[in-house]
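# Close look at the chain arrangement
As a plain string of letters, each chain reads:
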Amino acid sequence: MRVRKWFVLFLLLALFAAACGSDDDNAADVISDRDPVSTANGSTDNDGSDGDPSSDGGDDPTPTPTSSSPSAAPTGPSGELHYAVPLAPASFDAHSENRDFGMIFYTLVYDGLVNEQADNSLEPGLATEWEISPTEARFTLREGVTFHDGTPFDAEVVKWNIEKAKVTPGTTGALMRNIDSVEVVSPTEVVFNMTGPDPDLLNNLARFPGMMMNPNVSPEDLASGAVSAGTGPYVIASRNESELVLEVNPNYFDPDDQGFEKLTFTTLTDDEARYNALVSGEADIATMRVFQLADAEAAGFPVAQAPANFTFLHFHDIGGNLIPEFADVRVRQAIAHLINREGWNAAIARGLGNPAVQVFDQGSPWHIDGYEGFPYDPERAAELLAEAGVSNLTFEVPSWGIFNAWHQALSAMLAEGGITMNIRDVPPGQNVTEVAQQQVGASVTIWSSVHADTAFGNWLSPPTIWNPWDVPVASVIGPYQAALAAESIDEQNAAFRAMLQEAYDLAWIVPIYRNPTITGYDPEVAEAVLWDNITLGLYVRDMVPAS
Amino acid sequence: MARTLAFRLVAAVPLVFLVSLLAFGLVHLMPGSASETILGDAATPEAVAELDAELGLDRPIIEQYWNWATDAVQGDFGRSLITSRDVSDTLVERFPVTISIAMGGLVVALMIGVVGGTVAALRQGRLSDRVISLLTASGLAVPNFWVAVLLAFYFGVERDWFPAIGYVGPTESITQWIYHLILPSLALGLGSAAVIARQMRGGLLDVLDRPYIRAARAKGLRYRRVVVVHAMKNAFIPVITVVGFQASVMIGGAVLVEQIFGMPGIGVQVVGAVLSQDMPLVQGVVMVSAVIVIFMNTLIDVSYAYFDPRVRLS
């Protein structure tokens, strides 16, 4: 009898709890604020017109339309946005990051001297004007800007940040290598003394290396996000490994970039959990996988797609130090001919990506019209391997996460040509480490360069992580130097195209496809504005509550 | 009883020490290095050596262990190598979530397992016994993460009866806390319920066949009283052993379940920490998990003394 009483009592308690829990008024804190927001354009001028587009910034990539546009301009920030993301930045020291997706978060907390927009075009950030020459870059700084703790932003802060970025190991330091020194002219004017021409300086200043952080914040607090160290439109309200909460910065100089009062990023590593969060209304936006697209649309949730990063095969060992066969261009070209890009796109992206033979799209100044590269042709691959006298070629690639599917696909395609590519599981990020340590001959990786100059610095230049044996290839360096010496933008772009074509022809860079970012959203809250060229990228600065 | 508890707690100290050695040693045996992970594309041999020195990873391993252990005893597990957050803060934030799910799973397992096993034993050979046996076999065969996916989708998304993701702490709202734990607890507890049900059925059948039960029935006691008061207490002894083991399984199983339900427990964190060789975090999680499991096993051992007086006497 006593057992039955306890059982009945527990059942009643459980039912009571369930009844209370299902009440929307008591909904959990992860449930979004769905109050519709009335909108009207009352925003102030964003100062975007006072930059100097006639400077070297004029060679920015041609803007392309964003995947979706804001639905309406609000009278001011309002409401909350809950975004389910698959991963979060490890550190809030932006200089230590090199994964593009981190831009989603950093650009909400920090500003660069120049800010990047959703279509990769640039606009003035903490600098309002600039003049760039091969010997110096002079910036006029925005006045009256303060960090989130009230510390004033001035030229000394710029000097501190650039000097910090320059000594940061890895990508950040490498991208700042052409800045020789920083000279403070006045609190609102700063000059970078350059070692030589740097066509992608502005692009780099808009990314991780150029983020301006508060020098008064300790390195530990900066990295952990315990103290909000930026000037950006949002302030870090709280941060732990699973949730980042940002609140609007009331002193921000450009209110147009503040659509919402509060942003909550919840890290859900499980694909199904993110989908469930969106469909059950516990997130307003969720990064999704291609296989979830149809289900989301059937459930009434629109899905935004944007072209994300290119995926390509890079031969790190073009000199044949680790894999002697890779020194032979015919072997590399044979491998390029074995890649079935259409099949790749169908198998991995369900046809939603774009097969590619070059890494800059139509419309970019570095796109080569009519270039066909190495189309899928197993017979030609066999001929090239026979000419090179290569059979039973075997090599190994380190792989993890998203790279696994790509490497498995490539391995299957190379097997058709008698080439064995073994895949070895490694911890996240370890693949890059192994490349830098000369342990990898070739691997599939992600193209993260939005400028041809950055492409050279990242992938082709002798002192670079991705060219770990520092092999100088004269036929690539020649056009690059011609680009630096060019007297006009057109001439420079032509030289960059020649450089890229040589890299393609040598099958040093073997483009495969452009993978899509797929994001489901609740249209009653906001439309998703995706960030071109950034996998998983969402451009929150352009998002406003639905009207 | 108090002496038993004190003895068990003292006996747990060397066990914790051994676990600390294992936690520290195993992390150091993992391939790769933390410095390489942190540096990523900047991991030149010189940079790795420099960071190793900065993190103290170039010192003798005994010195590293001593420094770590003396800090850990004071609750200082250091900072995460990846996020720079205090590991103690992470543990304090996340372990309550994992423990909530594990406890919820244990409650589900006990409720369903004990009731199901008892019904099956009392109705041995009948349809209800066979149905329960079939269900327990299914419960053992189906992995808890699959159950979690089905529950989240059907009851969380399709029916909207329970939250598909998320967690609310008991300090914010007790009812919401329970509400958010129902599906994860079911997902985690159903497999263990099957194990407990089988054990309960077997244990009860064994006890019901003992002479003292027949004597009790012969004395004219009501069958229900004989079962509840005299049989079940003894039948619980083997079940308690299983529950102790299942409690450890729950903490491990919570790693997967909390990912599917988007709960900010320690599981998601520890997987990432292992992959990224975040040694302070892995060591902190292993130590706290071990202490919890040792504590629960101590409670189980002590509970033997309640169910079986012979343990007390010995």
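Counting from 1, residues in each chain are numbered in the order their sequence is written. By the order in which they are written, chains take letters starting at A while ligands take numbers starting at 1. Selection of residues for local features in this predicted model requires a pLDDT of at least 70, selection of side-chain atom pairs for listing and counting requires 80 or more, and totals for whole chains, interfaces and linings are taken over all residues.

### Some details on the confidence of the model for chain A
Keep this limit in mind: Per residue, pLDDT captures the predictor's confidence, and it can take any value from 0 to 100. Here a strand is any run of E in DSSP of at least two residues, a helix any run of H or I of at least four, and the numbering for each starts at the N terminus.
Averaged over every residue, the pLDDT of chain A is 84; the share at 70 or more is 86%. By mean pLDDT, the top-scoring element of chain A is helix H9 (residues 329-337) of chain A (97), and the lowest-scoring one is helix H1 (residues 2-21) of chain A (48).

### Some points on unusual backbone geometry
A negative phi angle is the norm for most residues apart from glycine, just as the trans form is the norm for most peptide bonds. Residue and element names in this part refer to chain A. Under the convention used in this document: Buried means a residue has 20 or more other C-beta atoms within 10 Å of its own C-beta, exposed means 12 or fewer, and partly exposed covers the counts in between; C-beta atoms are placed from the backbone.
Of note in the backbone geometry, Arg350 takes a positive phi value of approximately 50 degrees without being a glycine. Relative to the elements of secondary structure, Arg350 occurs in the loop between helix H10 (341-349) and strand S13 (354-355). On the neighbour-count criterion, Arg350 (15 C-beta atoms within 10 Å) is partly exposed. Even without being glycine, Gln438 reaches a positive phi, approximately 60 degrees. With respect to the helices and strands, the residue Gln438 is situated in the loop between helix H13 (430-436) and strand S16 (442-447).

### A word on the sheet that holds strand S5 (residues 136-141) of chain A
Residue and element names in this part refer to chain A. This is how the line gets drawn: Any two strands with at least two DSSP-identified bridges between them are counted as paired. Orientation is described by axes fitted as lines to C-alpha atoms, over the contacting stretch for helices, and by angles from 0 to 180 degrees between their N-to-C directions.
Spatial ordering of the open sheet is given by S4-S5-S7-S6, a layout of four strands whose pairing is antiparallel. Strands with a single pairing partner mark the edges of an open sheet, and in this sheet they are strand S4 (127-132) and strand S6 (179-186). Neighbour to neighbour, the strand axes of the sheet diverge by 20 degrees on average, direction disregarded. Two elements, S4 and S5, share five bridges in a ladder whose sense is antiparallel. Its bridge partner lying in S5, Glu131 is registered against Arg138.

### A closer look at the packing of helix H7 (residues 271-279) of chain A against helix H7 (residues 144-158) of chain B
Put simply, the rule reads: Working rule for angles: under 35 degrees goes down as roughly parallel, over 145 as roughly antiparallel, 65 to 115 as roughly perpendicular, anything else as oblique. A pair of residues counts as a contact when their C-beta atoms, built from backbone coordinates, are within 7 Å of each other.
Close contact between H7(A) and H7(B) brings their axes to 10 Å; oriented N to C, the two are set at 5 degrees. In terms of orientation, H7(A) lies roughly parallel with respect to H7(B). Across the interface between the two elements, A:Glu272, A:Asn276 and A:Val279 from H7(A) touch B:Val149, B:Ala152, B:Phe153, B:Gly156 and B:Val157 from H7(B).

### Description of the environment of B:Asn67
By secondary structure assignment, the location of B:Asn67 is in helix H4 (residues 61-73). The sequence separation of B:Asn67 and B:Glu46 amounts to 21 residues, and the corresponding C-alpha distance is 25 Å.

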